[in-house]
Amino acid sequence: MLTFLPFIQKDLNLTPVQVGQLASVFFFAYAIAQVSAGFLADKIGPKKVMYIAIVVFTFVTALTGMVKSFAQFLALRIGLGLGEGHHFPPACRSINNWFPVQERGRATSFFATSWAVAPAIVPVIITTLSFYLFGGEWRPVFYLLAIPGAVGILLLWYFVTDTPKEMIDKGRLNKDQDIDAPTRSDEQSMSKEEKRKNYGLFLKDVHFYFYTLLLFCQLAVYWGTTTWLTTFLVKQHGLNLKQMGFFASAPYIVAFFAMMLGGWLMDKILYRMKPVALIGYIGSIPVLWMLGSVEKGNTGLLLTLLLLAGFFVNLNFGSAYAYLQKRYPKEVVGSATGLANGIGQMGSFVSPLVAGYLVKVGTNGTQNFSGVFIFFALTSAVAALCAILLKEQQVTTLTSPLVNKEQHIS
């Protein structure tokens with residue numbers, strides 16, 4: 001939807017404020033879904049929750065091609081948010097089940113690159129399809145997007161299980177690869193009272209809330225820029241459909257490598273999230289500030305700043321989500337991730353909405369986004385402050401919330 005946003009805006013005669021509302025209502029539903037998704041992942045297993053998520057958001061995506069009014073679009077955006085929102089926490093729980101603690105930064109970063117790979121290649125692919133197959137129309141493309149959803153369901157069915165043990169029982173994994181074997185019996189025998197106490201590990205941890213605010217800002221900047229990027233390129237810089245597809249993809253090509261680098265730095269060099277976060281957030285501030293004020297026609301500087309934004313905004317993406325997996329026991333990672341991401345995703349809700357009010361519309365219909373990108377830069381500054389305050393010691397038990405001495409700490 002975001003790729004075709006300026007063209008959908010024109011066809012449905014939407015104002016910048018309405019566009020911001022469409023983006024924000026998706027993230028509001030997405031945020032609500034995070035909490036229930038995390039709970040369900042811990043309760044019934046991550047695979048079942050991911051099944052439901054993919055079916056729902058695939059169906060809603062196909063329906064988007066039929067939208068005729070702002071109200072219909074609003075309803076579909078809510079449905080899409082509820083569908084997609086039930087995918088991320090169970091996916092993080094699966095990573096926690098399958099990877100040892102010293103590899104989770106890289107594993108989560110690699111998973112998070114899907115948010116970079118898709119925006120890097122999808123704008124080019126779908127704008128090309130629209131241009132050559134559908135005469136520049138956007139509606140038929142949404143029908144085609146149901147195909148990747150169907151493929152995702154098949155891949156989930158064949159390649160994913162909730163735990164290594166299930167894969168071993170199917171004869172598709174060697175017992176030596178079962179990283180969870182020594183602790184599984186402890187988890188299964190845990191009483192309800194013990195599980196309730198484990199939830200207190202993060203609910204009573206002040207640094208969980210510092211982290212949640214950091215995530216709020218991270219997601220506000222990422223989804224704020226992602227939501228408005230194509231409109232910014234078309235409305236402020238006058239790019240056509242083909243040019244916009246290329247420029248919109250550029251920052252996400254860099255983002256893939258930035259996410260992987262951030263996870264590698266966390267696991268292998270710095271052993272912490274904080275330094276990665278500070279590099280990313282502090283670097284984002286001047287880049288985003290300047291990006292909104294690039295003069296029309298200066299495509300060289302525009303492309304350079306887009307690439308830099310793609311690097312700094314995304315450097316801490318994967319490593320940020322690995323923070324919870326390294327700090328808390330696996331029994332509560334799904335719930336902790338769901339709650340933190342649910343609150344954090346409110347940044348995704350607020351950001352596009354605020355940006356819609358910050359877009360300056362000229363008397364001749366031109367749009368200026370300088371205030372929007374200043375807002376994103378200031379949000380990055382708040383994230384940097386949260387990173388400074390954050391502690392990363394591993395919490396082991398509620399009664400003894402001590403650090404694991406073998407972990408590198410801040």
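Now for a look at the structure at hand. This is a predicted model, so every value here is computed, not measured.

Some thoughts on the packing of helix α15 (residues 274-291) against helix α16 (residues 299-314)
Piece 1. The contact between α15 and α16 brings their axes to 8 Å, and the two run at 155°. Judged by the angle between their axes, α15 and α16 are roughly antiparallel. Two packed elements cross with a definite hand, and for α15 against α16 that hand is left-handed. Across from I279, G280, G283, S284, V287, L288, M290 and L291 in α15, the residues of α16 making contact are L302, L305, L306, L308, A309, F312 and V313.
Piece 2. Residues of the contact of α15 with α16, tallied by class, amount to twelve nonpolar, three polar and no charged.

Quick look at the packing of helix α3 (residues 46-64) against helix α5 (residues 88-98)
Piece 1. Two elements in contact, α3 and α5, have axes whose closest approach is 9 Å; the angle formed by their N-to-C orientations is 150°. Considering their axes alone, α3 and α5 lie roughly antiparallel with respect to each other. In the packing of α3 onto α5, the handedness of the crossing is left-handed. Along the contact surface, α3 presents P46, V49 and M50, while α5 presents P90, A91, R93 and S94.
Piece 2. Taken together, the residues that form the contact of α3 with α5 break down as five nonpolar, one polar and one charged.

Describing helix α4 (residues 70-85)
Piece 1. Over its 16 residues, α4 runs 22 Å from end to end, which matches the ideal 22 Å to within 8%, given 1.5 Å per residue.
Piece 2. Within α4, the full set of buried residues consists of F73, L76, R77, G79, L80, G81, G83 and G85.

Procedures and definitions
- Residues numbered from 1 in each chain as written.
- Predicted model: local features only at pLDDT ≥ 70, side-chain atom pairs only at ≥ 80, totals over all residues.
- Heavy atoms only, no water.
- Axes fitted to C-alpha atoms, helices over the stretch in contact; angles between N-to-C directions.
- Helix = DSSP H or I, 4+ residues; strand = E, 2+ residues; numbered from the N terminus.
- Parallel < 35°, antiparallel > 145°, perpendicular 65-115°, else oblique.
- Left-handed = near helix turned anticlockwise from the far one by under 90°.
- Contact = heavy atoms within 4.5 Å.
- Nonpolar A, V, L, I, M, F, W, Y, C, P; charged D, E, K, R; others polar.
- Expected span 1.5 Å × (residues − 1).
- Buried < 20%, exposed > 50% of the residue type's maximum accessible area, 1.4 Å probe, protein only.

On their own, these measurements won't tell you what the molecule is for.
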